[in-house]
Amino acid sequence: GAVVSQHPSWVICKSGTSVKIECRSLDFQATTMFWYRQFPKQSLMLMATSNEGSKATYEQGVEKDKFLINHASLTLSTLTVTSAHPEDSSFYICSAREVGRLYTDTQYFGPGTRLTVL
Amino acid sequence: RKEVEQDPGPFNVPEGATVAFNCTYSNSASQSFFWYRQDCRKEPKLLMSVYSSGNEDGRFTAQLNRASQYISLLIRDSKLSDSATYLCVVRLNTGGFKTIFGAGTRLFVKA
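Reading the values: rules and limits
Residues numbered from 1 in each chain as written. Chains lettered and ligands numbered in written order. Predicted model: local features only at pLDDT ≥ 70, side-chain atom pairs only at ≥ 80, totals over all residues. Heavy atoms only, no water. Patch = residues over 30% accessible without salt bridge, like charges linked within 9 Å, V, L, I, M, F, W, Y side chains within 5 Å. Areas by Shrake-Rupley, 256 points an atom, 1.4 Å probe, with all protein chains shown as cover. Salt bridge = Lys/Arg side-chain N within 4 Å of Asp/Glu carboxyl O. Helix = DSSP H or I, 4+ residues; strand = E, 2+ residues; numbered from the N terminus. Buried < 20%, exposed > 50% of the residue type's maximum accessible area, 1.4 Å probe, protein only. Phe/Tyr/Trp six-rings, centres within 6.5 Å; stacked < 30°, edge-to-face > 60°. Lys NZ or Arg CZ within 6 Å of the ring centre and 35° of its normal. Disulfide = S-S within 2.5 Å. Pairing = 2+ DSSP bridges. Axes fitted to C-alpha atoms, helices over the stretch in contact; angles between N-to-C directions.

*Asks:* I'd like a description of a nonpolar patch on the surface, backed by residues and values.
*Replies:* Together, A:Trp10, A:Ile12 and A:Leu118 make up a nonpolar patch on the protein surface, roughly 390 Å² of accessible area in all. Checked against the element boundaries, A:Ile12 lands in strand β2 (residues 10-13).

*Asks:* Before we move on, can you summarise the pattern of salt bridges with the specific residues and values?
*Replies:* All names here are of chain A. Inspection of the entire model under this criterion finds seven salt bridges over all chains. Between Arg24 and Glu22 there is a salt bridge, with the nearest N and O atoms lying 3.4 Å from each other. For Arg24, a relative accessible area of 34% gives the class partly exposed. Classification of Glu22 by relative accessible area gives partly exposed; the value is 23%. For the salt bridge of Asp88 with Lys66, the shortest nitrogen-to-oxygen distance reads 2.9 Å. With Asp88 in the loop between β8 (76-81) and β9 (90-97) and Lys66 in the loop between β6 (57-58) and β7 (67-73), this residue pair connects regions lying 22 residues apart in the sequence. Given a relative accessible area of 5%, Asp88 falls into the buried group.

*Asks:* Before we move on, could you go through the packing of aromatic side chains and cite the residues and values that matter?
*Replies:* Scanning the entire structure with this criterion turns up 11 aromatic pairs over all chains. With 4.9 Å between their ring centres and 45° between their planes, B:Tyr25 and B:Phe33 make a pair best called tilted. Relative to B:Tyr36, the ring of B:Phe34 lies with its centre 6.4 Å away and its plane at 70°, an arrangement referred to as edge-to-face. Like B:Tyr36, B:Phe34 is buried. Three or more aromatic residues joined by ring pairs form one cluster here, namely A:Tyr36, A:Phe109, B:Phe34, B:Tyr36 and B:Phe101. Above the ring of A:Phe67, the side-chain terminus of A:Lys66 is found at 5.9 Å from the ring centroid. Between the NZ or CZ atom of A:Arg114 and the centre of the ring of A:Phe91, over which it lies, the distance is 4.3 Å.

*Asks:* Would you mind going over the state of the cysteines in detail, with residue names and values included?
*Replies:* Residue and element names in this part refer to chain B. One pass over the structure, following the stated rule, counts two disulfides over all chains. Two residues share a disulfide in this structure: Cys23 and Cys88, whose sulfurs sit 2.0 Å from each other. Disulfide Cys23-Cys88: the torsion about the S-S bond is -75°, which places it as left-handed. Here Cys23, found in strand β3 (residues 19-25), pairs with Cys88, found in strand β9 (residues 84-92); they are 65 residues apart in sequence, far enough to count as distant. Here the two residues Cys23 and Cys88 agree in accessibility, since each one is buried.

*Asks:* Quick one: what's the story with the sheet that holds strand β1 (residues 4-7) of chain A, residue by residue and with numbers?
*Replies:* All names here are of chain A. Read from one edge of the open sheet, four strands run β1-β3-β8-β7, paired in antiparallel fashion. Of all the strands in the sheet, just β1 and β7 have a single pairing partner and so form its edges. Here the average twist between neighbouring strands, direction ignored, is 15°. By the bridge criterion, five bridges tie β7 to β8 in an arrangement that is antiparallel. Its bridge partner being in β8, Ser73 is matched across the sheet by Leu76.

Here it is as structure tokens:
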């Protein structure tokens, strides 16, 4: 089946630094990737939808200047958490939708990145 | 009101038991329905899609009631390896591809 990778799998950083998370579709092209955030014992919350070659669409309440998304190619989307603070500590998960299958019902999830901001 | 609501549990059941999870959704634009499984500190993985006619995959049976906006998952003959959080997932038909996750129901299967 389709595989999505994320890097890094976990990261610990100091408050105020920026952290970049990469999401790659390994064996298919993805025009659309999604970024989710999950706090402990809570649901996955969609942060933004990333479309290749265009600006990301952010969900209400998500600061686009804080969470920078770049989807420069059909296999790579990046999420940069700028000036991270302890409240940004969370599990960030990306998922990808395969090109050419408009009505596909399957989202392929990356393994997630656990961010801890000290 | 949350768009997708689930009983958070936890459900503690012995091996071999039958357990049922329920889920309700509020958005009438909901088009597709799924159950995902999420293990601790891991990404969600698709367990099964849910069809209006009901569908079964081994020990797992999913049901959908569009009129009541209700989805269920039945697990028969529970195994220790079934211990996980089960997420009810709804995809909206809004011209885009938007997926809404429930908060999940935690299941612990005991020996």
